[in-house]
Structures are given as structure tokens and as C-alpha cells.
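# Structure assessment
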Amino acid sequence: MTVFQTWDMDFALEHLPELLDAFVQFTLVATVLGSILAAVLGLLFAIIRRVRVPVLAPVVTVIVEFVRSTPIPIQLFFVFYGFPTIPGIGFNISAMTAGVLVLGVHYACYYAEVYRAGIESVPKGQWEACTALSIAPRYQWQRVVLPQAIRNVLPSLGNYVISMFKETPFLYVIGVTEMVTVAVTQIGGDAFRYTEVVTLAGLIFLAASYPAAVAMRKLEMRLGHA
Amino acid sequence: MQDLQFGAWVDDFLAGLWVTVYVTVLAAVAAVVVAFVLGIAVRTRHIVPRTIARIIIELFRGTSLLVQLFWFFYVLPEFGFRFDPLAVAVFAFGLNFGAYGAEVVRGAINAVPTAQWEGSIALNLTPAQRMRRVILPQSIPLMIPPFNNLLIQLLKSTPLIFLIFLNDLTFYSDQYRNSVGNENFIFPLLLVIYFVLSYTFTLFMHVLEARANTRLGRPVERRRIFKYRGPQEEEAVKV
Amino acid sequence: MATPETTTAYETTGARASGEPMIRFEEVLKKFGDLTVLENLDFDVAPGERVTLIGPSGSGKTTILRLLMTLETLTGGHIWVDGEPLWHMPKGDKLVPANEKYLRQVRKKIGMVFQQFNLFPNMTVLENVTEAPIRVLGKSRDEANEKGKELLERVGLEAKYEAHPSQLSGGQQQRVAIARALAMEPRVLLLDEVTAALDPELVAGVLNLLREIAETTDITMLIVTHEMHFARDVSHKVMMFDHGQVVEHGPPDKIFTDPDHDRTKAFLHAVIEER
């Protein structure tokens with residue numbers, strides 16, 4: 001059987017809009033919201049560990065190591081199925097909310113390490129200069145350390161956004177109707193035709209992630225030479 | 001109470017655990033083979049193997065793992081290639097993580113000092129001997145930490161295989177949830193199991209790393225082997 | 001550099017007749033990008049002759065050794081080793097750029113000792129010395145081990161066969177590197193600032209070893225060094241380089257005591273001042 005016999009262009013074109021809809025509504029939205037959550041929470045984790053907040057710092061360390069070493073799909077199951085049944089504090093959340101939460105927290109644990117590396121890359125002299133100028137700690141972070149630290153690790157942060165983007169199909173396991181779920185369970189399952197939609201889903205991922213990865217490499221080189 | 005409910009499921013879970021470990025190990029072996037083949041191919045001067053390797057690497061790094069898994073499972077049979085789900089899982093995971101691993105191999109080979117190439121040219125070793133006897137033995141210790149990250153990523157991705165109807169740990173846990181409920185027992189337990197697996201694999205990789213370093217005349221303290229370092233931030237791993 | 005065609009092994013055309021130089025540079029040109037390092041360079045080295053190249057850094061001395069070891073590619077001209085073209089191979093009547101197979105065959109005659117030793121950290125001392133004889137010369141492991149131990153004994157490292165390079169001092173590493181080069185039984189030995197990376201107290205030992213080798217063998221040597229006493233002791237000829245050109249050459253007594261050129265005088269003055 002050749003590719004041309006197997007590939008039905010009409011079928012592909014007919015369902016492309018559905019795929020793109022799911023892509024924008026769920027895949028992209030989950031990536032954007034998840035990244036924002038990861039960026040904020042990760043920074044919080046990194047600062048807590050850096051200034052060694054009593055009690056919190058070791059707790060954060062344990063959370064970071066544990067979350068990074070366990071699978072996203074199981075974390076999704078736990079948050080989506082487990083959390084609502086916890087007596088007293090549990091309540092029902094939508095699959096998409098669970099997805100964004102899990103992606104955000106999971107990647108926050110990676111981001112925490114990236115920020116840590118970034119903060120360590122700021123020369124000691126910068127801190128000492130702040131002390132010499134009697135700049136309050138809050139402004140040391142806000143005006144001096146973080147802007148330099150984040151600039152240094154921007155490519156790494158960007159690469160993690162791309163990784164998260166490619167892991168959004170994991171939300172399939174709790175039934176979020178993102179693009180791959182739509183392709184396999186809705187369109188593919190109904191028509192018993194998978195070739196076009198699964199291939200298209202792959203191509204859409206490639207079309208979005210490859211230029212982004214190239215852009216990150218360029219950014220990395222530019223910052224490296226700066 | 002919970003233990004009683006769980007009792008009947010222990011055999012199933014052990015079977016599922018075996019499938020998870022089995023797929024992880026097979027896919028990891030496949031990924032290492034793919035990584036070395038592609039990683040060495042992208043470094044050659046010949047344009048054809050170099051370009052083919054580069055395309056394969058970008059293709060598998062640029063599309064999503066789950067898409068690849070489904071593609072091998074649903075689409076490949078359309079072209080007359082029908083494999084059982086286990087082979088599909090090993091194939092898809094091996095190629096995906098092999099593509100990431102190829103960048104690790106490439107980077108580690110490039111990290112060996114030029115002086116070592118020059119030394120081996122001065123001794124008139126053939127290009128193949130240079131690579132096999134001098135360069136690879138020195139670059140392998142550099143590869144092991146990023147390979148460990150990839151191995152943990154791979155293990156963390158194996159729950160996806162229940163979507164192509166393999167009965168792994170996740171499959172039995174989902175069954176347990178459906179029939180028994182008790183989500184707040186089964187999933188935390190599962191997370192702990194995966195954490196223990198991650199740690200076990202990491203320990204194993206630390207032993208390999210220590211052995212490779214010892215061979216370079218850089219003995220490693222035993223204490224360091226058992227230290228949990230977690231997956232390190234590594235750009236080559238996540239792109 | 002390499003052409004895809006393979007050729008049959010090249011026969012020496014009776015070039016080993018007496019009076020034929022061991023090394024001949026003919027209108028050699030070497031550029032790195034736009035930077036010309038060697039231009040129009042001609043010189044001969046006779047078999048068994050020991051020649052020291054001196055001159056300011058950047059004058060192209062090391063590049064000459066690296067061209068001979070095929071670590072840099074030739075931009076123009078010809079280099080002949082033992083009557084055979086090094087960077088070209090004959091094809092019909094013409095000389096075409098050499099391929100890897102041909103290079104390997106000519107390279108057999110040449111050995112090199114590097115400033116930074118370049119020992120293989122993944123091998124023991126003895127393995128460093130026996131690796132190439134086994135892989136390249138096809139010697140049996142026993143034969144190579146016997147020869148390797150003999151050489152290591154000669155360089156004063158008989159107690160270190162199983163050590164790793166990282167466990168040795170710089171001077172010991174350089175002795176291993178010398179033994180490693182000699183194990184290939186080269187006809188030409190290139191010494192590229194072999195003591196420059198050593199702690200001062202280790203220099204004399206390595207130089208004495210090289211003196212001993214110079215006295216007891218007839219290996220042709222090309223030496224780049226800043227150790228002027230050593231150069232004077234071991235070499236038959238000294239060549240003063242500047243800007244990729246030979247400024248003057250002659251026997252060491254002449255060059256070191258009564259050089260003709262101002263540039264040589266200035267250079268020697270500066271080197272001796274430094275000490």
C-alpha cells in the first residue's frame with residue numbers, strides 16, 4: 001500500500017480546523033497558563049531556597065525533588081481524581097484546571113533549578129555593591145540580581161516552555177480535549193481513520209516547536225556573546 | 001482497611017511494575033543505540049548521513065512523544081507494518097529519547113580536547129580506532145549524567161503506554177481506581193513507587209559513572225554514589 | 001584535504017639514494033584564513049640530522065611541526081618525507097591531494113611529542129605506549145608489552161606501568177609521551193616545546209633523557225624549544241625563524257655566538273635576558 005492510497009487529502013482538510021481549534025483552545029492555553037504558573041512558582045521556590053527560609057526551604061527542596069522524579073500522568077490522576085475526594089479540603093476541578101496546575105507545578109520544580117543557576121551566575125561583586133550602597137534586600141533582588149539572573153537563563157526557561165508544550169498531550173490521560181485527544185479519540189475513533197489526523201497533529205507540533213527551538217538557540221548564542 | 005482492599009491487587013501491581021521496568025529498560029537500551037548512531041552520524045564530514053541524522057533528530061525532538069507513540073500504533077499498520085504494542089512502545093520511546101541522546105553524544109564527543117585527537121593522529125591510529133579507543137572512552141563519563149536525566153524522563157513517560165493497551169503500573173492503578181475508588185491511597189502510592197524507581201535507576205547510573213571515571217584514573221568516593229542528585233538541569237535534555 | 005578516490009600504495013621511487021634529504025620543504029605556504037603563517041618556505045633536513053627551530057612566538061615554528069605531523073593542512077607547495085610527498089599522492093603523472101589512507105602510510109615514519117603530553121587518560125601508562133604498536137604496527141600484545149616495558153625502563157618509569165597518566169607528575173607524563181613516540185620506531189621525531197609546560201625543577205630530567213636519546217639513536221629530529229643550552233648540545237643545525245621565513249641557519253656554535261642577523265641577535269638577547 002502506498003502513501004498516496006493511504007492518505008486521504010479531503011479527510012485531512014475536513015478535520016484540520018477541528019485540530020487547530022483544539023490546538024489553540026487547549027494546547028496553547030495550557031502551555032501559556034502552565035508556563036506563567038511555573039515561572040512565578042519556580043521563582044518563589046528558588047528564592048525560598050536561596051535565602052534559606054526556615055522550615056520552608058527544606059520542604060521546598062523535598063517537593064522539588066519528589067515532583068521532578070515522578071510522572072506527570074500520575075500527578076494528573078492524583079490531582080484530578082484524588083484531590084476532590086480528600087475529606088474537608090477537596091473540591092471538584094475541571095480536567096483543564098488540573099492539567100494547568102500539574103504542568104505548572106511540575107515545571108516550577110525545573111524552573112527553580114534554572115533560576116538557582118541564574119542567581120548563582122550573578123557575580124558576588126553585584127551583591128557586595130548593593131551592600132556598599134545600602135540598598136534594601138528587596139531592591140537588591142528586584143533591581144539588581146533578578147534582572148541579571150533571568151536574562152542569563154532566558155534560553156533555558158524558553159526551552160522548558162517548549163518541553164511543556166510538547167508534554168501537553170499528556171493531559172489526554174484525564175480527558176482534556178487537547179489536539180491529540182481530539183485526533184485520536186474523537187476524529188480517529190469515529191472514522192477509524194488515524195493516518196491523516198495523527199500525522200497532522202505531529203506536523204502542527206513540529207511547525208510550532210522547531211522555529212521556537214531555533215529561536216532559543218539564537219537567543220542563547222546572542223546572550224553568550226554579549 | 002486499605003491494606004485489605006489492596007491485598008487482592010498485589011499480584012496485578014507486581015505484574016504492572018514488571019511491565020513498567022521492562023519497557024523502561026528495553027527502550028533505554030534502544031535509545032542508547034539510536035543516540036550513538038545518530039550522534040556519531042551528525043558529526044561526520046559526509047553530507048548524506050549527516051543530513052539524514054539531523055532530520056531524524058529534529059523530527060523526533062520537534063513532535064510530541066505521545067504523537068509519535070500514537071503514530072507508530074495507529075498509522076504505521078496502515079502502511080503494512082504491524083507490531084505488538086510492546087514493540088511499538090520500545091520503538092517510539094527508543095527513537096524519541098535516542099534523538100535527545102544523540103545531542104548528548106555529539107556534545108560529549110566535542111568536549112574531548114583536540115589534543116587527544118592530535119595525540120591519536122600522531123600515533124597513526126585509524127579514524128575508527130581514534131574514536132573507539134581514545135575519544136569514546138573519554139566522552140562516555142561525560143554522557144552518563146545527561147543520560148541519567150533522559151532515563152528518568154523516559155521512566156516518567158512510561159505511564160503513556162497504557163494508552164496503547166499495555167498493562168503497566170498505571171493501567172492497574174486506573175483499574176483499581178475504577179473498581180475500588182480510594183484515589184487518595186492508590187495515586188500517592190504510585191508516585192512513591194515511581195520515585196523509588198527513579199532513585200534506583202539514578203543509583204545504577206551513578207555506579208556506571210563511578211566505574212567509567214575510575215577507568216580514567218579518577219576514582220570516585222563511594223559516598224557520592226548514593227547521594228541523590230535528582231535530574232539535573234540540562235539543556236541538551238529538554239529542548 | 002582528502003579526496004574520495006582511493007589509490008594503490010605508492011612505491012618509493014628510489015628516493016632513498018644517498019644525499020637525499022629526510023625532510024624537504026618546497027615553496028611551502030600555510031595560511032589560517034587570511035593570516036599567512038608560512039610563505040615560500042624552502043629547507044632540507046638530512047637523515048639523522050637534528051635541527052632546532054628558534055624564533056619569536058608566532059614565527060611559524062610549531063606550524064612546521066604540525067604540518068609534518070599532518071595536524072594542519074598544507075595551503076600550498078610541497079613537503080617531502082624520505083623522498084615521498086607528504087600531502088600529495090602520485091596519480092598517473094600528477095600529484096593529487098592525499099587521502100587518509102595515503103597519509104597513514106607516510107605518517108608511519110613520523111612521531112611527535114607535544115607540549116601538553118597528550119597522553120590518553122583512559123589508558124594506563126603501559127597501554128599508552130603499547131596501543132599504537134598493537135593497533136597500527138600489528139604487533140602481538142606480548143611483543144608490544146615487552147618493548148613498551150623496555151622503553152619505560154629507559155625513560156626511568158619502570159615502576160609505573162599500571163599507573164594512570166593523571167597520577168604522574170608532568171615530567172613523568174612527558175617521559176611516557178617520549179616512550180610512546182619511540183615505540184612507533186619513527187624515523188623522524190618532532191619535539192614541540194616539550195618542556196614548556198613543566199615545572200622548572202622537572203625540566204632538566206626530561207632534557208637529559210632527550211640528550212641520551214639523541215646520542216644513542218640516529219633518529220632525525222626537528223626540535224622547537226626555548227632551552228638554548230639544550231639546543232646547542234643536541235642539534236647539528238639551528239634555524240632562526242621570523243614571520244614564516246628562515247632568517248638564517250647554521251651550526252649552533254655559529255648561531256649562538258656569532259649570528260649574522262640583527263633579528264637573531266635581538267631574539268637571543270631577549271631569550272637570555274629572560275632567564
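Residues numbered from 1 in each chain as written. Chains lettered and ligands numbered in written order. Predicted model: local features only at pLDDT ≥ 70, side-chain atom pairs only at ≥ 80, totals over all residues. Heavy atoms only, no water.

## Observations regarding the overall build of chain C
Helix and strand counts for chain C stand at 9 helices and 12 strands. Relative to its length of 275 residues, chain C is compact, with a C-alpha radius of gyration of 19 Å against a globular reference of 19 Å. Overall size of chain C, expressed as C-alpha extent along the three principal axes, is 55 × 50 × 40 Å. The buried share of chain C, reckoned over its 275 residues, is 55%. Counting only contacts in chain C whose residues sit at least 6 apart along the sequence, the fraction spanning at least 24 positions is 65%. Surface summary for chain C: the accessible area is close to 12300 Å², and the carbon and sulfur share equals 47%. A gap of 4 Å separates the mean positions of the 31 positive and 42 negative side-chain charges of chain C. (Helix = DSSP H or I, 4+ residues; strand = E, 2+ residues; numbered from the N terminus. Rg over C-alpha atoms; globule rule 2.2 N^0.38 Å. Buried < 20%, exposed > 50% of the residue type's maximum accessible area, 1.4 Å probe, protein only. Contact = heavy atoms within 4.5 Å. Areas by Shrake-Rupley, 256 points an atom, 1.4 Å probe, with all protein chains shown as cover. Lys, Arg positive; Asp, Glu negative; His and termini not counted. Charge placed at Lys NZ, Arg CZ, Asp CG, Glu CD.)

## Brief notes about the interface of chain B and chain C
On the chain C side, the residues contacting the 23 residues of chain B number 25 residues. Counting the surface lost from both chain B and chain C, the interface buries some 2200 Å², and carbon and sulfur atoms represent 53% of this. When the area that chain B buries against chain C is broken down by residue, the three leading residues are B:Leu123, B:Asn124 and B:Arg133, summing to 30%. Counting across the chain B and chain C interface gives 3 salt bridges. Among the salt bridges present, the one from B:Glu118 reaches C:Arg66, with a minimum N-O distance of 2.5 Å. Those elements giving two or more residues to the side of chain B that touches chain C turn out to be helix H6 (114–122), helix H7 (127–157) and helix H9 (183–215) of chain B. It is H7(B) that contributes the most residues to the side of chain B that touches chain C, 8 residues altogether. Looking at the side of chain B that touches chain C residue by residue, the class counts come to 9 nonpolar, 9 polar and 5 charged. (Buried area = accessible area lost by both parts, 1.4 Å probe. Salt bridge = Lys/Arg side-chain N within 4 Å of Asp/Glu carboxyl O. Nonpolar A, V, L, I, M, F, W, Y, C, P; charged D, E, K, R; others polar.)

## So, the pairing of strand E6 (residues 88–91) of chain C
All names here are of chain C. In this structure, E6 lies alongside strand E7 (residues 94–97), joined through 4 bridges in antiparallel fashion. Paired with Lys91 across the two strands is Lys94, which belongs to E7. Counting the residues in the hairpin turn of E6 and E7 gives 2 residues, including Gly92, whose phi is positive at 65°. (Pairing = 2+ DSSP bridges.)

## Details of the packing of aromatic side chains
Counted under the stated rule, the structure contains 33 aromatic pairs over all chains. Aromatic side chains B:Phe73 and B:Tyr74 sit 5.0 Å apart centroid to centroid with 80° between the ring planes, which places their arrangement in the edge-to-face category. The exposure classification of B:Phe73 matches that of B:Tyr74, with both residues buried. Between the NZ or CZ atom of A:Arg138 and the centre of the ring of A:Tyr139, over which it lies, the distance is 5.5 Å. For the cation-ring pair, C:Arg180 lies above C:Phe120, with the distance from its terminal atom to the ring centre recorded as 4.6 Å. (Phe/Tyr/Trp six-rings, centres within 6.5 Å; stacked < 30°, edge-to-face > 60°. Lys NZ or Arg CZ within 6 Å of the ring centre and 35° of its normal.)

## A word on the packing of helix H4 (residues 72–82) of chain A against H9(B)
Packing of H4(A) against H9(B) brings their axes to within 9 Å, and their N-to-C directions diverge by 165°. Here H4(A) is positioned roughly antiparallel relative to H9(B), judged by the angle of their axes. With respect to the hand of their crossing, H4(A) and H9(B) are arranged in left-handed fashion. Contact with H4(A), carried on its side by A:Ile74, A:Gln75, A:Phe77, A:Phe78, A:Tyr81 and A:Gly82, involves B:Glu183, B:Asn184, B:Phe187, B:Pro188, B:Leu190, B:Leu191 and B:Tyr194 of H9(B) and no other residues of that element. By residue class, the composition of the contact of H4(A) with H9(B) is 9 nonpolar, 3 polar and 1 charged. (Axes fitted to C-alpha atoms, helices over the stretch in contact; angles between N-to-C directions. Parallel < 35°, antiparallel > 145°, perpendicular 65-115°, else oblique. Left-handed = near helix turned anticlockwise from the far one by under 90°.)

## Structural notes on the sheet that holds strand E8 (residues 110–113) of chain C
All names here are of chain C. If you trace the 6 strands from one edge of the open sheet to the other, you get E8-E9-E10-E3-E11-E12, paired in mixed fashion. With one partner strand each, in any of the chains shown, E8 and strand E12 (245–250) form the two edges of the open sheet. Going from strand to strand, the sheet's axes swing by 20° on average, the running direction of each strand aside. Two elements, strand E3 (residues 50–54) and strand E10 (residues 220–224), share 4 bridges in a ladder whose sense is parallel. Paired with Leu53 across the bridge in E10 is Val224. Running over the sheet, helix H1 (residues 61–68) touches E3, E8, strand E9 (188–192), E10 and strand E11 (237–242) and is turned about 140° from E10.

## Brief notes about the sheet that holds strand E2 (residues 35–45) of chain C
Residue and element names in this part refer to chain C. Ordered by their spatial adjacency, 4 strands build an open sheet running E2-E1-E4-E5, and the pairing between neighbours is antiparallel. Bordering the open sheet on either side are E2 and strand E5 (84–85), each of which pairs with just one other strand. Contacts from H1 reach strand E1 (23–32), E2 and strand E4 (76–81) within the one sheet, and its direction differs from that of E1 by about 110°.

## Considerations on a nonpolar patch on the surface
Residues and elements named next belong to chain A. Together, Val29, Val32, Leu33, Ile36 and Val40 make up an exposed nonpolar region whose accessible area comes to about 420 Å². Considering the arrangement of structural elements, one finds Ile36 in helix H2 (residues 9–50). A residue is classified by how much of its surface remains accessible, and Ile36, at 49% relative accessible area, is partly exposed. (Patch = residues over 30% accessible without salt bridge, like charges linked within 9 Å, V, L, I, M, F, W, Y side chains within 5 Å.)

## Section: the confidence of the model for chain B
All names here are of chain B. Summing up the model confidence of chain B, the mean pLDDT is 87 and the portion of residues at 70 or higher is 91%. At the low end of the mean pLDDT range in chain B sits helix H1 (residues 2–7), at 56; at the high end sits helix H5 (residues 85–111), at 95. In this model residues 232–239 is a low-confidence stretch, pLDDT under 50, and it forms 33 contacts with partners more than four residues away in sequence or in other chains. (pLDDT = per-residue confidence, 0-100.)

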